[in-house]
Amino acid sequence: MQIDEKPPFDTPFEWIGGEGQVRVLVDRFYDLMDLEPGYKELRDAHGSTLQDARDKLFWFLCGWLGGPDHYQQRFGHPRLRMRHMPFSIGILERDQWLACMDQAMGDIGVDAALRARLAQSFFQTADWMRNR
Ligand code: HEM
């Protein structure tokens, strides 16, 4: 499918394959963060365990992609930029986050047109998170 063609899904959440695939994506994302030396600074910004981050990103992305609002039900408004203030986020961390997510999308076989669209949206969100 061309990137500007209208996809046969109501939401990116349906397109990616629903909750099961969002969970697979998030797990791959944090596995890569743990494994790949290229994401070391990003990994170091996180705590010793990634379990809370796995659950929270999974809940958040379900809603962000147009599916159920699990994150909001548990924690209220995401206020993502405010919640990232405790972490030092510059261009390096932003770019590692985006590269890690793009690699995860590739690894789990996200449709190329969806992957390109999501990469653009992730860029906007990740760039907004910069605080240094
Ligand atoms: C730009 C680079 C980013 C860095 C370095 C970063 C880092 C972090 C860290 C260290 C945490 C805390 C994890 C924990 O609780 O153990 C976190 C939480 C979180 N991040 Fe990011 N993040 C980035 C971008 C993003 C983006 C682009 C999104 C969404 C698309 C996102 C969504 C979240 C969510 C939902 C949480 C949980 C917030 C909470 O309820 O406490 N992050 N992030």
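Going by the structure above, here's the rest.
Below: a short report on this structure. (Residues numbered from 1 in each chain as written. Predicted model: local features only at pLDDT ≥ 70, side-chain atom pairs only at ≥ 80, totals over all residues. Heavy atoms only, no water.)

**Regarding the overall build of the chain**
How we decide: Going along the chain from the N terminus, every DSSP run of H or I of four or more residues is numbered as a helix, and every run of E of two or more is numbered as a strand. A radius of gyration in this sense is built from C-alpha atoms; the matching globule rule multiplies 2.2 Å by the number of residues raised to 0.38. Whether a residue is buried, partly exposed or exposed follows from its accessible area with a 1.4 Å probe, protein chains only, as a fraction of its type maximum: under 20%, in between, or over 50%, in that order. The contact definition used throughout considers only heavy atoms, calling two residues in contact when any of these lie within 4.5 Å.
On a plain count of helices and strands, the chain comes out with eight helices and zero strands. Along the chain, from the amino end to the carboxyl end, the secondary structure elements read α-α-α-α-α-α-α-α. Compactness check: the chain gives a C-alpha radius of gyration of 14 Å against a globular reference of 14 Å for 132 residues, within 12% of the reference. By principal-axis analysis of the C-alpha atoms, the chain measures approximately 40 × 35 × 25 Å. When each of the 132 residues of the chain is scored for burial, the buried share is 37%. Counting contacts in the chain only where the partners sit at least 6 residues apart, residues at least 24 apart contribute 69% of the total.

**Some words on the environment of Asp44**
Threshold: Any pair of nitrogen or oxygen atoms within 3.5 Å is treated as a polar contact; in protein, a donor-acceptor pairing is required on top of that, and neighbouring residues in sequence qualify only through side-chain atoms on both sides.
By secondary structure assignment, the location of Asp44 is in helix H3 (residues 40-44). With a relative accessible area of 49%, Asp44 lands in the partly exposed category. Asp44 sits 12 residues away from Lys56 along the chain, and the two C-alpha atoms are 18 Å apart. A distance of 2.6 Å separates polar atoms of two side chains, one belonging to Asp44 and the other to Lys40.

**With respect to the nonpolar core**
Inside soluble globular proteins, nonpolar side chains tend to come together where they are buried. The following threshold applies: As used in this record, nonpolar core signifies buried Ala, Val, Leu, Ile, Met, Phe, Trp, Tyr and Cys residues forming a set joined through side-chain atoms within 4.5 Å.
Formed by 38 residues in total, the largest nonpolar core has its most connected members in Val22, Phe29, Leu61 and Met101. Elements represented by at least two residues in this core include exactly helix H1 (12-16), helix H2 (18-35), helix H4 (51-64), helix H7 (91-107) and helix H8 (112-128). Filtering out sequence-adjacent residues up to four positions away, Leu61 remains in contact with Val22, Val26, Met101 and Phe122.

**Observations regarding the coordination of the iron atom of the ligand**
Threshold: Because no water is among the atoms considered, metal sites can look incomplete, with donors defined as N, O and S atoms within 2.8 Å of the metal, or 3.2 Å for Na, K and Ca.
In this structure the iron atom of the ligand is ligated by exactly one protein donor, His84 (NE2), at 2.1 Å. Relative to the helices and strands, His84 resides in the loop between helix H6 (80-83) and H7.

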